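Structural features, examined
If you want the building blocks of each chain, they are given just below.
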Amino acid sequence: MEKTADIVIIGGGIVGLSIAYYLALKKAGKIVLFEKGQLGEGSTGRCVGGIRTQFSTEINIRFSLESLKTFEQFEDEFGVNPEFKKIGYLFLAASEQEIRVFRENITLQGKFNIPVEFLSPDEIRCRWPYLRTDDVLGGTFCPRDGCAGPSEILSGFVNGAKKEGVKICEGTEIVGISVAKGRIHSVKTQDEEIFAPVVINAGGPHAATIGGMAGVHIPVKPLRRQIFITGPFHLADHPIPLTIDIHRGWYFRQEGNGLLLSGPLDPEPSFNLNTEYEAMAETSENAMYRVPALEKARIGRGWAGLYEISPDHHAILGKVPEAEGLILANGFSGHGFQHSPAVGKVISELITDGKASTIDISSLSIERFKKGELVLEPMTAFKE
Ligand SMILES: Cc1cc2nc3c(=O)[nH]c(=O)nc-3n(C[C@H](O)[C@H](O)[C@H](O)COP(=O)(O)OP(=O)(O)OC[C@H]3O[C@@H](n4cnc5c(N)ncnc54)[C@H](O)[C@@H]3O)c2cc1C
């Protein structure tokens, strides 16, 4: 019997599942999602769950604010506690250029009524005395930011999508996409061909490989970030914000009764998921520099995951001129977890209504790279 679907989604991470859920809510037809391994086994299961409104471009702020609405009422909508903890995000600056950019960011964030404070080194020292601040020139703090559980959010979307009738096929890799006369025709697994007029690329760091199956070049590269967790360690009686030492490209936050420490971000693309001793040593050095008390901490475990980096560190969303019916939800550059609810909404609107109405996504089209219309940030993006 011929297999057909109205919409095929490739990728069972947070982005594919959010899109599946919102499409199903809009009664978009027969939706089938293919995941080559297990749901969430890609970047989603390796991310640290950061959620922030402190972005430096309007489009990212819009995605954050829209997604925040979903995170804040997640339990009511999905029946799952998202473990959303508003511990705040604290950015630290150690150069005049960083201070200048922080001030520009606050002006932009103020236009969206985001409650971000600019803090002097003295204020930082007073509120977070465990931080080394002799080289800090200032910082910004937003108490609305925080982190949530990637597996909790994923399971909310999975349950919601299944309840609304989405068919989810785990352990099934898409190995080919056929395009006929400029239109998407079908996808192929090892065993079968599924005919569908709409195919969504939600392949995370594998976006370029999936695009290649349809003859479309998608400029997304996988970059490894290593993460380490200390054993139990008491630093303060109050919650420790996700603290970003922007100068050193390092961050940390509370994780259970220990601390989560960011490790190095690879300079070159690869699919390497190993953790390395040298990375742990570099992480410890950054940690002891900014938080001297961590000299007494012990690293208990670690893991590595892949960012899906686009040339301007912004998502690539929407249609593709070379292949009608192919829809991209790629290139989140380290922000795909926190923006996944809004991405699900806008992609479902694009497919069912022909236009994304919640947020105008035209500036995130893949065509911006050919046109030289990149969405630039004032300073290289910091990726959680
Ligand atoms: C260390 C680390 C920390 C991070 N921290 C944060 C953070 O604090 N906040 C934040 O917002 N973001 C964070 N991110 C980024 C976030 O994890 C990603 O942006 C997000 O998970 C992307 O989701 P996705 O669904 O697009 O990709 P993925 O979760 O990678 O899902 C893609 C899925 O597609 C599947 N797939 C690929 N090819 C095929 C195929 N041919 N057929 C079938 N299935 C296929 C894969 O197996 C995978 O499961 C972090 C990332 C890392 C690595």
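Note that side chains of opposite charge can pair when their charged atoms are close. Taken as a whole and assessed by the stated rule, the structure comprises 18 salt bridges. For the salt bridge of Lys26 with Asp353, the shortest nitrogen-to-oxygen distance reads 3.3 Å. On the criterion of sequence distance, the pair formed by Lys26 in the loop between helix 1 (14–25) and strand 3 (31–34) and Asp353 in helix 9 (residues 336–353) is long-range, its members being 327 residues apart. Residue class for Lys26 comes out partly exposed when judged on its relative accessible area of 34%. In this structure, Glu276 and Arg224 form a salt bridge, with 3.3 Å as the shortest nitrogen-oxygen distance. Linking Glu276 in the loop between strand 17 (258–265) and helix 8 (277–290) with Arg224 in strand 14 (residues 221–230), this pair joins segments that are 52 residues apart in sequence. Taken together, the shared-partner salt bridges in this structure form one network comprising Glu66, Lys69 and Lys345.

This part covers unusual backbone geometry. Here Asn113, not a glycine, exhibits a phi torsion of approximately 55°, which is positive. As for its placement among the helices and strands, Asn113 is situated in the loop between helix 4 (96–111) and strand 6 (117–119). The exposure class of Asn113 is exposed, given its relative accessible area of 66%. Within the chain, His313 stands out as a residue other than glycine whose phi angle is a positive 60°. Looking at where His313 falls in the secondary structure, it is placed in the loop between strand 18 (299–309) and strand 19 (316–319).

Around the ligand, a shell composed of 39 residues is seen, among which Glu35, Thr44, Gly50, Glu308 and Gln338 lie nearest. Here a nitrogen atom of the ligand and a backbone polar atom of Lys36 are 3.0 Å apart. Here an oxygen atom of the ligand sits 2.9 Å away from a polar atom, N or O, in the main chain of Ser43. Surface burial for the ligand is 99%, taken as the share of its 1,000 Å² of free accessible area covered by protein chains. Looking at the shell around the ligand, the elements that each hand over two or more residues are helix 1, strand 14, strand 18 and helix 9. In terms of residue count, strand 18 provides more of the shell around the ligand than any other element does, four residues in total. Taken together, the residues that form the shell around the ligand break down as 15 nonpolar, 17 polar and seven charged.

Turning our attention to the packing of aromatic side chains. Following the criterion strictly, the structure yields 14 aromatic pairs and no others. On the numbers, 6.2 Å between centres and 65° between planes, the contact of Tyr22 with Phe157 is edge-to-face. Here Phe157 lies in helix 6 (residues 150–163) and Tyr22 lies in helix 1, a separation of 135 residues in the sequence. Classification of Phe157 by relative accessible area gives buried; the value is 0%. Here a set of aromatic residues connected by ring pairs shows up, and it is made of Tyr21, Tyr22, Phe74, Phe78 and Phe157. A cation over an aromatic ring shows up here: Arg52 above the ring of Phe55, its NZ or CZ 4.0 Å from the ring centre. A cation sits over an aromatic face here: Arg248 above Tyr289, 3.8 Å from the ring centre.

This part covers the nonpolar core. Counting residues in hydrophobic clusters, the biggest one holds 51 residues, and the most contacted among them are Ile9, Phe63 and Leu317. In this structure Leu317 touches Phe63, Leu328, Ala329, Asn330, Phe332, Val343, Val346, Ile347, Ile361, Leu364 and Ser365, once residues within four positions along its chain are discounted. Judged by nonpolar contacts, the second largest core, of 25 residues, contains Ile10, Cys169, Ala323 and Ile366.

Glancing now at the pairing of strand 20 (residues 326–330). Consecutive side chains along a regular strand alternate between the two faces of the sheet. Of all five residues that make up strand 20, five are buried, and the element is covered over most of its length. The pairing of strand 13 (residues 198–201) with strand 20 spans three bridges and is parallel. Looking across to strand 20, one finds that Asn201 is bridged to Leu328. Hairpin connection from strand 19 to strand 20: six residues lie between these consecutive antiparallel strands, with Gly325 at a positive phi of about 100°.

A separate point is the sheet that holds strand 3. Within the open sheet, the six strands sit side by side as 9-3-2-13-20-19. Their pairing is mixed. Each edge of the open sheet carries a strand with a single partner, namely strand 9 (167–169) and strand 19. Each neighbouring strand pair of the sheet contributes to a mean axis angle of 15°, computed without reference to strand direction. Of the pairings in the sheet, the one linking strand 3 to strand 9 comprises three bridges and is parallel in character. Pairing of Phe34 across the sheet is with Cys169, part of strand 9. Each of strand 2 (7–10), strand 3, strand 9, strand 13 and strand 20 is contacted by helix 1, which is oriented at about 175° to strand 3, the strand it contacts most.

About the thresholds
- Residues numbered from 1 in each chain as written.
- Predicted model: local features only at pLDDT ≥ 70, side-chain atom pairs only at ≥ 80, totals over all residues.
- Heavy atoms only, no water.
- Salt bridge = Lys/Arg side-chain N within 4 Å of Asp/Glu carboxyl O.
- Helix = DSSP H or I, 4+ residues; strand = E, 2+ residues; numbered from the N terminus.
- Buried < 20%, exposed > 50% of the residue type's maximum accessible area, 1.4 Å probe, protein only.
- Near = heavy atom within 4 Å.
- Polar contact = N/O pair within 3.5 Å; in protein donor to acceptor, adjacent residues only side chain to side chain.
- Areas by Shrake-Rupley, 256 points an atom, 1.4 Å probe, with all protein chains shown as cover.
- Nonpolar A, V, L, I, M, F, W, Y, C, P; charged D, E, K, R; others polar.
- Phe/Tyr/Trp six-rings, centres within 6.5 Å; stacked < 30°, edge-to-face > 60°.
- Lys NZ or Arg CZ within 6 Å of the ring centre and 35° of its normal.
- Core = buried A, V, L, I, M, F, W, Y, C linked by side-chain atoms within 4.5 Å.
- Contact = heavy atoms within 4.5 Å.
- Pairing = 2+ DSSP bridges.
- Axes fitted to C-alpha atoms, helices over the stretch in contact; angles between N-to-C directions.

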